[in-house]
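Examining the three-dimensional arrangement
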Amino acid sequence: MIFNRKTLQPVNRDDFSPIVNRNAVINKQIQPEVYFSPLIEHIKKFAVGQYFWFIANLVEGRTCLAGGMSQQIIGVSLDNLVSTPPDTLFNRAHPDDISQMFAFTNQWIHIMNSVSLEQKKQLHPTIYIRLKNHEERYKWTMVKYIDHIFDEEGNVTYAFTLVTDISHIKTEGPAMMSIVDSEDEVCQHFFCSTENGLFEVQGYTIALTKREIEVLNQLSIGLSSKQIASELNISIKTVDNHRQNMLQKTNSKSTGELISYAIKSGYL
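We now turn to the structure provided with this report. Computed from a predicted model, the values in this text were never measured in an experiment.

Examining the environment of Ala-229
Locating Ala-229 in the fold gives a position in helix 9 (residues 225-232). In this structure Ala-229 comes out as buried when scored by relative accessible area, which is 6%. The spatial distance from the C-alpha of Ala-229 to the C-alpha of Asp-240 is 9.3 Å, given a sequence separation of eleven residues.

Quick look at helix 9
Residues of helix 9 that are buried include every one of Ile-228, Ala-229 and Leu-232, and no others. Mapping the buried residues of helix 9 onto a view down its axis gives an arc of 100°, with all of them on the same face. Residues Lys-226 and Ser-230 are exposed on helix 9 and point more than 90 degrees away from its buried face. At the C-terminal side of helix 9, Asn-233 shows a positive phi close to 60°.

Describing the pattern of salt bridges
Applying the stated criterion across every chain yields a total of seven salt bridges. Salt-bridge contacts for Glu-60 lead to Arg-62; the nearest nitrogen and oxygen are separated by 2.6 Å. By relative accessible area, Glu-60 is classed as partly exposed at 46%. Given a relative accessible area of 29%, Arg-62 falls into the partly exposed group. Overlapping salt bridges bring together Arg-92, Lys-132 and Glu-136 as one network.

With respect to the pairing of strand 5 (residues 138-150)
When strand 4 (residues 123-132) meets strand 5, the two strands line up antiparallel, connected through seven bridges. Of the residues in strand 5, the one forming a bridge with Arg-130 is Trp-140. What sits between the antiparallel neighbours strand 4 and strand 5 is a turn of five residues, in which Glu-136 has the positive phi angle 65°. In this structure, strand 5 lies alongside strand 6 (residues 156-165), joined through nine bridges in antiparallel fashion. Residue pairing in the sheet places Thr-141 in a bridge with Asp-165 of strand 6. Counted between consecutive antiparallel strands, the loop separating strand 5 from strand 6 contains five residues, among which Gly-154 sits at a positive phi close to 85°.

Remarks on the packing of aromatic side chains
Considering all chains together, one arrives at seven aromatic pairs under this definition. A centroid spacing of 5.1 Å and a plane angle of 85° characterise the contact between Phe-16 and Phe-90, whose relative ring orientation is edge-to-face. One end of the pair, Phe-16, is in the loop between strand 1 (2-8) and helix 1 (32-35); the other, Phe-90, is in helix 5 (residues 88-91), with 74 residues separating them in the sequence. Overall, Phe-90 belongs to the buried group, its relative accessible area being 10%. Taking 4.5 Å as the distance between ring centres and 25° as the angle between the ring planes, the aromatic pair formed by Phe-16 and Phe-102 counts as stacked. In this pair, Phe-16 is assigned in the loop between strand 1 and helix 1 and Phe-102 in helix 6 (residues 98-112), connecting sequence segments 86 residues apart. The pair formed by Phe-16 and Phe-102 is uniform in burial state, with each residue classed as buried.

The rules behind each value
- Here the residue numbering is sequential within each chain, running from 1 through the sequence in written order.
- Totals for whole chains, interfaces and linings use all residues, but because this is a predicted model, local features are given only for residues with pLDDT of at least 70 and pairs of side-chain atoms are given and counted only at 80 or more.
- Hydrogens and waters are ignored; side-chain quantities use all the structure's heavy atoms.
- Each helix is a run of DSSP H or I of at least 4 residues and each strand a run of E of at least 2, with the numbering of both proceeding from the N terminus.
- Any residue under 20% of the maximum accessible area for its type is buried, any over 50% is exposed, and the rest in between are partly exposed; the area is computed with a 1.4 Å probe on protein chains only.
- Along the arc lie the directions from the helix axis toward the C-beta atoms.
- Salt bridges are defined by distance alone: a side-chain nitrogen of Lys or Arg within 4 Å of a carboxyl oxygen of Asp or Glu.
- DSSP calls a pair of strands paired once it identifies at least 2 bridges connecting them.
- Side-chain rings of Phe, Tyr and Trp, where Trp is taken by its six-membered ring, are said to pair if the distance between their centres is within 6.5 Å; with planes under 30 degrees apart they count as stacked, over 60 as edge-to-face, and otherwise as tilted.

None of this, on its own, says anything about what the molecule does.
Next up, the structure:
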């Protein structure tokens, strides 16, 4: 997989423009809770830690449905999350990360407004920032924009977002965003810097198979080979083979190093 590393200037709240497309038209016949139901079932099996999800109506600017452990992760109940503006996450972000989250979100909106519908469907962004939990402690979380519903003109109407506590596998480092292109196998990494002279670096990451990524997701939440074999309906030996192959591919000495590599490369 090819990766591009880019730096962005931090964005303050006054310069933040969260509107994806003002001309989007909602199809009343599409029920988002039904459309995204396969994803919700999939998340229950492959989440890498405590999580919650929400469906945002981007035309009306509100959250229309949510599930999972939002109270534990951001100190906001599911009832209070629904029907509120989708910027709830911004209000719980670490002071050092908030301007970076604005920059990442603006960049993502810019990309979504500048590519074709087919390209939009194959792009998968993830933002890594610290959010305040129910104990008023900041924890590293992974905010993954998994899927969208589009209108006939290719405008985004609904977005399905997964927020996962990854503090058990990420304890330090800068806030960042990765955008994986599932078709062209390109991963863009975005960071923020206040220095002048933005730069871009290109390189390659190791290609993992679909099954290896499924095993990796299970390893990241601490499941044993026996448990993973049961979840994926494969043998324990096959699980161990996948793990060893990933360790060799990524030159990792332990599962912890492998998971760290996966986060940096946009696989988790």
